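# Structure assessment
Residue strings, one per chain:
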Amino acid sequence: MPESISEVALTSAHTVSQAKKPLRIAVLVSGSGSNLQVLINAMQASALPIEIVGVISNREDAYAITRAKDASIPVAVLSHVASGKRMGIKTFESHASEQLKVWQPDLIVLAGFMRVLSGPFIDNAPAPMINLHPALLPAYKGLDTHQRAIQAGERHHGCSIHVVTAELDAGAVLTQALLAVNQKDTADSLQARVQKLEHQLLPWTILLLAKGALSLGTAPLAHQQNTFMPTLPLKLYLND
Ligand code: GRF
């Protein structure tokens with residue numbers, strides 16, 4: 001039974017339960033890992049009730065690996081080019097699955113992870129998965145989001161955090177951060193501005209999940225009855 005409303009963690013059943021321990025997070029990356037760094041900094045400063053239990057990279061040249069190692073976080077490099085041969089998604093998923101079972105995360109965060117995962121992998125993962133996407137979903141799923149937003153003459157753009165499902169970038173959107181597109185914005189400038197928002201949106205969202213203010217499940221459970229359930233997506237107006 002819960003001992004305190006602040007002692008909250010996610011369970012593998014995609015619901016929220018009470019726990020004294022910090023939220024155990026596994027992070028999947030493919031690139032620079034600036035979002036991972038934000039989480040590392042927050043964890044080290046005790047600004048978020050999290051423990052990053054491991055990082056999986058599908059690229060051996062990802063700078064995110066260095067960031068994780070510098071913070072003494074276990075890393076599994078499951079390169080998509082293993083021994084000169086492309087590792088198929090099934091092989092990647094079977095290694096990733098084994099690793100995640102060892103780490104036993106409460107939440108899996110895809111932060112700049114650039115491989116599409118299969119339905120069975122997502123469904124059988126030991127924890128729910130969220131993804132950070134650089135657009136205001138459901139608009140601009142997929143790649144080149146900033147360029148496409150500019151070409152379409154969008155006045156607003158931003159980033160979203162959504163539940164990962166088998167359909168690409170289509171799971172329930174939990175949170176969004178928005179900005180106004182400037183006339184002078186290029187795809188590069190917009191990417192830089194949106195990334196600043198991502199660095200705020202990701203820790204905010206994890207905090208809301210860890211505190212039970214947001215749920216990944218659809219039906220509230222008995223022990224969640226006191227939880228405030230906002231209409232999703234929760235739009236955060238952050239300074240960019
Ligand atoms: C982010 O901009 C994210 O939106 C996109 O990939 C980028 C990852 O950045 N999917 P980083 O690796 O966290 O620096």
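Per chain, residue numbering runs from 1 following the sequence as it is written. For this predicted model, a pLDDT threshold of at least 70 governs which residues receive local features, and a threshold of 80 or more governs which side-chain atom pairs are given and counted, while totals over whole chains, interfaces and linings are taken from all residues. Side-chain calculation: all heavy atoms of the structure are included, whereas hydrogens and water are not.

Turning to unusual backbone geometry, a few remarks are in order. Across the junction of Leu-137 and Pro-138, the peptide omega takes the value 10°, indicating a cis bond. Tracing the backbone through its elements, the reader meets Pro-138 in the loop between strand 9 (129–133) and helix 5 (145–151). The phi dihedral of Gln-104 falls on the positive side, at around 50°, and the residue is not glycine. Secondary structure elements follow DSSP: runs of H or I no shorter than four residues count as helices, runs of E no shorter than two count as strands, and numbering proceeds from the N terminus. Secondary-structure assignment places Gln-104 in the loop between helix 3 (89–103) and strand 8 (107–110). Not every positive phi belongs to a glycine, and Asp-144 is a case in point at roughly 55°. When you line up the elements, Asp-144 lands in the loop between strand 9 and helix 5.

This brings us to the sheet that holds strand 8. Whether two strands pair depends on DSSP finding at least two bridges between them. Read from one edge of the open sheet, eight strands run 5-4-3-8-9-10-11-12, paired in mixed fashion. Edge positions in the sheet fall to strand 5 (75–77) and strand 12 (234–236), since each of these pairs with one other strand and no more. Neighbour-to-neighbour, the strand axes of the sheet open up by a mean angle of 20°, direction not taken into account. By the bridge criterion, seven bridges tie strand 10 (residues 156–163) to strand 11 (residues 173–180) in an arrangement that is antiparallel. Directly across from Cys-159, in strand 11, lies its bridge partner Ala-177. Against the sheet, helix 1 (residues 34–44) touches strand 3 (23–29), strand 4 (50–57) and strand 9, its axis set at about 155° to strand 4. Pairs of residues are marked as contacts when any of their non-hydrogen atoms sit within 4.5 Å. Here, axes are lines fitted to C-alpha atoms. For helices the fit covers the stretch in contact, and angles between N-to-C directions go from 0 to 180 degrees. The sheet strands contacting helix 3 are strand 3, strand 4, strand 5 and strand 8, and the helix crosses strand 4 at an angle near 160°.

When a residue's accessible area, from a 1.4 Å probe over protein chains only, is under 20% of the maximum for its type it is buried; when over 50% it is exposed; and in between it is partly exposed. Among the residues of helix 1, those classed as buried are Ser-34, Asn-35, Leu-36, Leu-39, Ile-40, Ala-42 and Met-43. In this fold, the buried residues of helix 1 make contact with strand 3, strand 4, helix 2 (63–70), strand 9 and helix 6 (187–210). Two residues or fewer past helix 1, Ser-46 is found with a positive phi of approximately 55°.

Moving on, we get to the nonpolar core. Buried Ala, Val, Leu, Ile, Met, Phe, Trp, Tyr and Cys residues form a nonpolar core when they are joined through side-chain atoms within 4.5 Å. Membership of the largest hydrophobic core comes to 42 residues, with the highest contact counts inside it found for Val-27, Leu-36, Ile-50, Ile-52, Leu-107, Ile-130 and Ile-206. By residue number, the principal contributor to this core is helix 6, which donates nine residues. Aside from chain neighbours lying at most four places away, what touches Leu-36 is Val-27, Val-29, Ile-52, Val-55, Ala-64, Arg-67 and Ala-68. One finds Phe-92, Trp-103, Ile-108 and Ala-127 within the second-largest nonpolar core, a separate group that totals 21 residues.

Positionally, Pro-105 belongs in the loop between helix 3 and strand 8. A relative accessible area of 4% places Pro-105 in the buried class. Separated by 51 residues in sequence, Pro-105 and Gly-54 have C-alpha atoms that sit 8.5 Å apart. Residues contacting Pro-105, with those up to four places away along its chain left out, are Arg-24, Ile-25, Ala-26, Val-53, Leu-100, Pro-126 and Ala-127.

Another aspect to go through is the layout of surface pockets. Taken as a whole, the largest pocket spans an internal volume of roughly 950 Å³. Lining the largest pocket are 37 residues, and of these Gly-112, Phe-113, Met-114, Leu-132 and Pro-134 lie nearest its centre. Looking at the lining of the largest pocket, the elements with two or more residues in it are helix 1, strand 9, helix 5 and helix 6. No other element matches helix 6, which puts four residues into the lining of the largest pocket. In this classification, Asp, Glu, Lys and Arg are treated as charged, Ala, Val, Leu, Ile, Met, Phe, Trp, Tyr, Cys and Pro as nonpolar, and every other residue, Gly included, as polar. Residues of the lining of the largest pocket, tallied by class, amount to 14 nonpolar, 17 polar and six charged. The rule is simple: put a 1 Å grid over the protein atoms alone, call a set of points where a 1.4 Å probe fits but cannot get out a cavity, call an open set with protein on both sides within 12 Å along at least five of seven lines a pocket, and count a residue as lining if it has an atom within 4 Å of a point. Grid points are joined across faces, edges and corners, and a volume is the space filled by probe spheres set on the points.

This next bit is on the pattern of salt bridges. Salt bridge, as applied in this entry: a Lys or Arg side-chain nitrogen positioned within 4 Å of an Asp or Glu carboxyl oxygen. All chains considered together, the criterion is met by three salt bridges. One salt bridge in this structure joins Arg-59 and Asp-61, with 3.0 Å as the shortest N-O distance. Look at Arg-59 and you get partly exposed, because its relative accessible area is 32%. Taking the relative accessible area as the measure of exposure, Asp-61 reaches 54% and is therefore exposed. The partner of Asp-185 in a salt bridge is Arg-193, and the shortest N-O contact between them spans 2.6 Å.

We now examine the confidence of the model for the protein chain. Scored between 0 and 100, pLDDT is the confidence that the predictor attaches to each residue. Confidence along the protein chain averages 86 in pLDDT terms, with 84% of residues attaining 70 or more. With pLDDT under 50 throughout, residues 1–19 is counted as low confidence; its partners more than four residues away or in other chains account for 49 contacts. A low-confidence stretch, residues 218–226 (pLDDT under 50), is modelled with seven contacts involving residues beyond four sequence positions or located in other chains.

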